[in-house]
Amino acid sequence: MQDTLRITEVFYSLQGETRTAGLPTVFVRLTGCPLRCQYCDSAYAFNGGTIRTLESILEQVAGFKPRYVCVTGGEPLAQPNALPLLQQLCDAGYEVSLETSGALDISGVDTRVSRVVDLKTPGSEESHRNRYENIELLTGNDQVKFVICSREDYDWAVSKLIQYNLAERAGEVLFSPSHHQVSATDLADWIVADNLPVRFQLQLHKLLWNDEPGR
Ligand SMILES: C[S@@+](CC[C@H](N)C(=O)[O-])C[C@H]1O[C@@H](n2cnc3c(N)ncnc32)[C@H](O)[C@@H]1O
Ligand SMILES: Nc1nc2[nH]cc(C(=O)O)c2c(=O)[nH]1
Ligand code: SF4
Ligand SMILES: [Mg+2]
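Here the residue numbering is sequential within each chain, running from 1 through the sequence in written order. Here chains are named by letter from A upward and ligands by number from 1 upward, in the order in which they appear as written. This being a predicted model, a pLDDT of at least 70 is required before a residue's local features are given, and a value of 80 or more before pairs of side-chain atoms are given or counted; all residues contribute to the totals for chains, interfaces and linings. Hydrogens and water are ignored here; the side-chain numbers use all heavy atoms of the structure.

As annotated in an unreviewed UniProt entry, the protein carries the name 7-carboxy-7-deazaguanine synthase and is attributed to Pseudomonas soli. UniProt positions are given in the numbering used here, feature names are shortened, and annotations may be inferred rather than shown by experiment. Of the comments in the UniProt record for the protein, the one headed Sequence similarities (unreviewed entry) reads "Belongs to the radical SAM superfamily. 7-carboxy-7-deazaguanine synthase family." Word for word, the UniProt comment on the protein under Pathway (unreviewed entry) is "Purine metabolism; 7-cyano-7-deazaguanine biosynthesis."

A few words on the site of ligand 3. With respect to spatial proximity, the complete set of residues near ligand 3 consists of Cys 33, Leu 35, Arg 36, Cys 37, Cys 40, Phe 46, Gly 74, Ser 101 and Lys 120. Residues are grouped as follows: Ala, Val, Leu, Ile, Met, Phe, Trp, Tyr, Cys and Pro are nonpolar; Asp, Glu, Lys and Arg are charged; every other residue, Gly included, is polar. Looking at side-chain class alone, the shell around ligand 3 contains 5 nonpolar, 2 polar and 2 charged residues. We define proximity as follows: a residue is near a molecule or strand when any one of its heavy atoms falls within 4 Å of that partner.

To continue, consider the sheet that holds strand β5 (residues 95–100). Strands sit in the order β3-β1-β2-β4-β5-β6-β7-β8-β9 across an open sheet of 9 strands; the sheet is mixed. Across the chains shown, the open sheet's two edge strands, defined by having one partner strand only, are β3 (50–53) and β9 (199–200). Sitting on the sheet, helix α3 (residues 151–163) touches β7 (143–148) and β8 (172–177), and the angle it makes with β7 is about 160°. In what follows, residue pairs with any heavy atoms lying within 4.5 Å of each other are defined as contacts. For helices, the fitted line uses only the C-alpha atoms of the stretch in contact; every axis is such a line through C-alpha atoms, and the angle between N-to-C directions lies from 0 to 180 degrees. Secondary structure is summarised from DSSP: a helix means a run of H or I of at least four residues, a strand means a run of E of at least two, and numbering begins at the N terminus for each. Packed on one face of the sheet, helix α5 (residues 184–194) meets β7, β8 and β9 and runs near 145° to β8. In this analysis, strands are considered paired if DSSP registers two or more bridges between them.

Attention now goes to the side chain of Lys 145. By the element assignment, Lys 145 lies in strand β7. Polar contact criterion, stated in full: a pair of N or O atoms within 3.5 Å, where within protein one must be able to donate a hydrogen and the other to accept it, and residues adjacent in sequence count only if both atoms are side-chain atoms. There is a polar contact of 2.4 Å between the side chain of Lys 145 and the side chain of Glu 17. A polar contact of 3.2 Å, which involves the side chain of Lys 145, links it to the side chain of Glu 99. Not counting the four nearest positions on each side in its chain, Lys 145 is found in contact with Glu 17, Glu 99, Val 116, Val 117, Asp 118, Leu 119, Leu 174 and Gln 201.

Next up, the structure:
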C-alpha cells in the first residue's frame, strides 16, 4: 500500500497571505477539517477530494517549477501523511509553508517548514480548539496569524500577543481582517494607534480574483 493523501486541489497562484505574500507559489490543498470556523472561505475542501499518492502530488508540484510551496486545506495536519509530504517537499528543495488551525500537534512537522499557526479568535467560534502547547514550539521560522472578526477579537488578539510574547517567539505575527466581517481600515488604524509589533495583511487573492477556488 503506497502512502496517500486526500487532496482537493493543486494550483499555481500568487501567495495571498503571510510573509511570502505576492510571490508565485504552488498550493496543495488537503481535504477535510475537524473545525468549522464561521468565516471559512475553504468549506469546499471539507468533503470530496481525490485520494492520491505522495509521488503523484510531488510530480505535479515539480511540473510548475516553483520556489515556494504552501500546504493548506482543510486542515492538513488531520491527515498523518501530511508529515511525509512536507518532508519530501523540503527534500526536493522548495521553500515550504504550512497553514494550520493550531488545533493539532505541530511538533512532527519538518523544521525546515514555516508553520503558519492560526490562533483561532472567539469570533471564529472555534477558539476552544486552540492547542496552546503549540505556541512553545514556535521558532523564528514560524508565523502566528489572528483572523479578526470584530473589535473584541482585536482586543483578545492583543492580549494573546502580550501573554505569550508572540512577537519575540515567532518570525511574524499577522493580523488579518476576516473577509467583510470587520473593516480592514479600522483594523489598520487600531494597529497603528497601539503601535503593535505585528504585520497587517489582506488576502491579496480576494482583491485580485474575488473568492474563486483555485486562485
Ligand atoms: C482555509 S484555512 C486552511 C488552513 C487551516 N485549516 C487554518 O485554518 O489555518 C487558511 C487560512 O485562511 C484563513 N481564512 C479562512 N477564511 C477566511 C476569511 N473569511 N477571511 C480571512 N481569512 C480567512 C484561515 O483563518 C486560515 O488562516
Ligand atoms: N492565492 C492564494 N493564497 C493563499 N494563501 C493561503 C491560502 C489558503 O487557502 O490557505 C490561499 C489561497 O487560497 N489562495
Ligand atoms: S480550521 Fe481552517 S479549513 Fe477548517 S474551518 Fe477553520 S478556516 Fe476553514
Ligand atoms: Mg484560501
